[in-house]
Amino acid sequence: MLEQERVLAASPCARAAGVQVGMRRGGVLMLMPEAQLHERAPVREAEALFAVALALLQFTPQVAEAEEATLLLDVGASLRLFGGVRALCRRILDTVAALGFSATLSCSPTARGAWLLARAGAGGGARAGRPGRPLRMPSLARRLDRLPVTLAPPARPFADWFEGLGCRTLGELQRLPRPGLQRRCGRALLDLLDAAYGLAPELHEWIEAPEAFHARLELFDRIDDAELLLEGGRRLLLQLVGWLVARQLAVERIVLKLEHERGRVARPPTCVEVALAEPAWRDEHLVRLLKERLAKLTLDAPVIGLALEAQQVQPMAPLSESLFPEPGGSEEDRVRMLELLIARLGPDNVLQAVPSADYRPEQANAWVPVQSQSQTRIRDKASNAQLPPDGMSLPRPTWLLAKPIALLMREHRPFYGSPLRMASNPERIEAGWWNGPETRDYFIAEGKDHTLYWVYRERIGADDTEPRWFLHGLFG
């Protein structure tokens, strides 16, 4: 990585070949003609740092940006919620790794102390993911005393002067006369030391989540398989979760835009919409739904970038205050299962029964898609309709046939495999005068094998001598 034609950072392979920080471009190519050289892009670095900060807002609302690509998190109020400092540090490292970055993590009672330990890689938490124990002020002071002087940015311009004094660590720097040190190096160095050692208060400008969420990710190569886009979509969803938690919102609909080639072969992006039956803000559930949608998608053109938008949000619902949990899972668990089935089978294949205030059995309910817009209207209509007070107490079959079956008559009795014996009094239904009247007498009939059927006798007129019988339902 070059900045102003000089090496700013190098991979372990390049360092093994002799590449050093500060070396010019020509020297690098002389040592490694096959080296891949990249110019530093401050704009993209800032975008990446903000993306990480946005994702980390799910752990604490107090995230601040410091110099040298460092983020400061005040997690004092979050430790108990996430199970302690060790568990919280592991989740932070996992989140940063899922975003495609590596991080060095450190914890201390002061922000500047944690910053110095992280920059030195001596905070007890490293890239391996073993976060250190929480430091107390005495142990923090001992660790800071062993750090090199040049780790503090205000001290770097005076590195030769400190070397001449024999002052190589922050502990030795602390023992120098403060008036002379301030005249020589300025007040900034003393302020940093006081803040790191807890001798002065620290003020930070916390990052605020934007009013609306929109995140974009540029891919490193053209992708032809939709399922390979899941990892990039997961990175964007992590940012979305941080934004939702910071704004105390839950999302009802998200749209993932798949960006294609630009220029002469430009085409509009492909939109992958994920609609949720209930608002959610957890990344695991959103990732599963997005995975199901991408698995059924066929790309018409290669994808070079991803963009995620939260198009429909609402305030986050509080947790249930019920003392005893509902058996068989919570309502949220059932809603997530339905959303997963919709994403896998399609919205037209997951139906829900919606009752209607009608005496006719075949009109008493309808099956509509769970996510259908008409479902809300039908549900509202059903809730506003006045059902008869004894309607729910009437016997009804477990299975209603799609179309009634005409029954044969033998010895003046309806016949279905065997003669049927009426086992209940008739229930007369006269309804539907506005779209074709239905006049029926319903009975519970019993067969020879004691199977119960729901049959009705059609009443056509008073002079009919041979009534017609139909089978309409089966009791379980």
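Described below are features of the structure shown in this document. (Residues numbered from 1 in each chain as written. Predicted model: local features only at pLDDT ≥ 70, side-chain atom pairs only at ≥ 80, totals over all residues. Heavy atoms only, no water.)

**With respect to the overall build of the protein chain**
Each helix and strand counted, the protein chain has 14 helices and 18 strands in total. Accessible area for the protein chain stands at about 29,000 Å²; split by element, carbon and sulfur atoms hold 53% of it. (Helix = DSSP H or I, 4+ residues; strand = E, 2+ residues; numbered from the N terminus. Areas by Shrake-Rupley, 256 points an atom, 1.4 Å probe, with all protein chains shown as cover.)

**So, the pattern of salt bridges**
Going through the model one piece at a time under the given rule, you end up with 21 salt bridges. Two residues, Arg25 and Glu5, come together in a salt bridge whose shortest N-O distance is 2.8 Å. Here the residue Arg25 occupies a position in helix H2 (residues 25–31), and Glu5 occupies one in the loop between strand S1 (2–3) and strand S2 (6–7), the gap between them amounting to 20 residues. Its relative accessible area of 36% is what places Glu5 among the partly exposed residues. For Glu211, the salt bridge goes to Arg247, with nearest N and O atoms at 2.9 Å. (Salt bridge = Lys/Arg side-chain N within 4 Å of Asp/Glu carboxyl O. Buried < 20%, exposed > 50% of the residue type's maximum accessible area, 1.4 Å probe, protein only.)

**Section: helix H11 (residues 230–247)**
Helix length check: H11 (18 residues) gives 25 Å between terminal C-alpha atoms against 26 Å at 1.5 Å per residue, within 8%. The complete set of buried residues in H11 reads Leu230, Gly232, Gly233, Leu236, Leu237, Leu238, Gln239, Leu240, Val241, Gly242, Trp243 and Leu244. Once H11 ends, the next one or two residues include Gln248, with phi positive near 55 degrees. (Expected span 1.5 Å × (residues − 1).)

**Points about the packing of H11 against helix H12 (residues 283–295)**
The geometry of H11 relative to H12 is characterised by a closest axis approach of 10 Å and an angle of 150 degrees between their N-to-C directions. Along this stretch, H11 crosses H12, giving a crossing that reads as right-handed. For the pair H11 and H12, contact is made by Leu230, Gly233, Arg234, Leu237, Leu238, Leu240 and Val241 and by Asp283, Leu286, Val287, Leu290, Lys291 and Leu294, respectively. (Axes fitted to C-alpha atoms, helices over the stretch in contact; angles between N-to-C directions. Left-handed = near helix turned anticlockwise from the far one by under 90°. Contact = heavy atoms within 4.5 Å.)

**Side note on the packing of aromatic side chains**
Under the criterion given, the structure shown has eight aromatic pairs. Their ring planes at 75 degrees and their centres at 5.4 Å tell us that Tyr416 and Tyr453 sit as a pair that is edge-to-face. Taken as a pair, Tyr416 in the loop between strand S13 (413–415) and strand S14 (421–422) and Tyr453 in strand S17 (residues 452–458) lie far apart in primary sequence, 37 residues in all. Of the residues examined, Tyr416 reaches a relative accessible area of 34% and is grouped as partly exposed. Classification of Tyr453 as buried rests on a relative accessible area of 9%. Note on Tyr442 and Trp454: the rings are 4.3 Å apart at their centroids and 25 degrees apart in plane angle, and the pair reads as stacked. Of this pair, Tyr442 sits in strand S16 (residues 438–446) while Trp454 sits in strand S17, and the two are 12 residues apart along the sequence. Each of the two residues, Tyr442 as well as Trp454, counts as buried. An aromatic cluster is built from Tyr442, Trp454, Tyr456 and Phe470, whose rings are joined through pairwise contacts. One residue, Arg112, lies across the ring of Trp115, its end atom 5.4 Å from the ring centre. (Phe/Tyr/Trp six-rings, centres within 6.5 Å; stacked < 30°, edge-to-face > 60°. Lys NZ or Arg CZ within 6 Å of the ring centre and 35° of its normal.)

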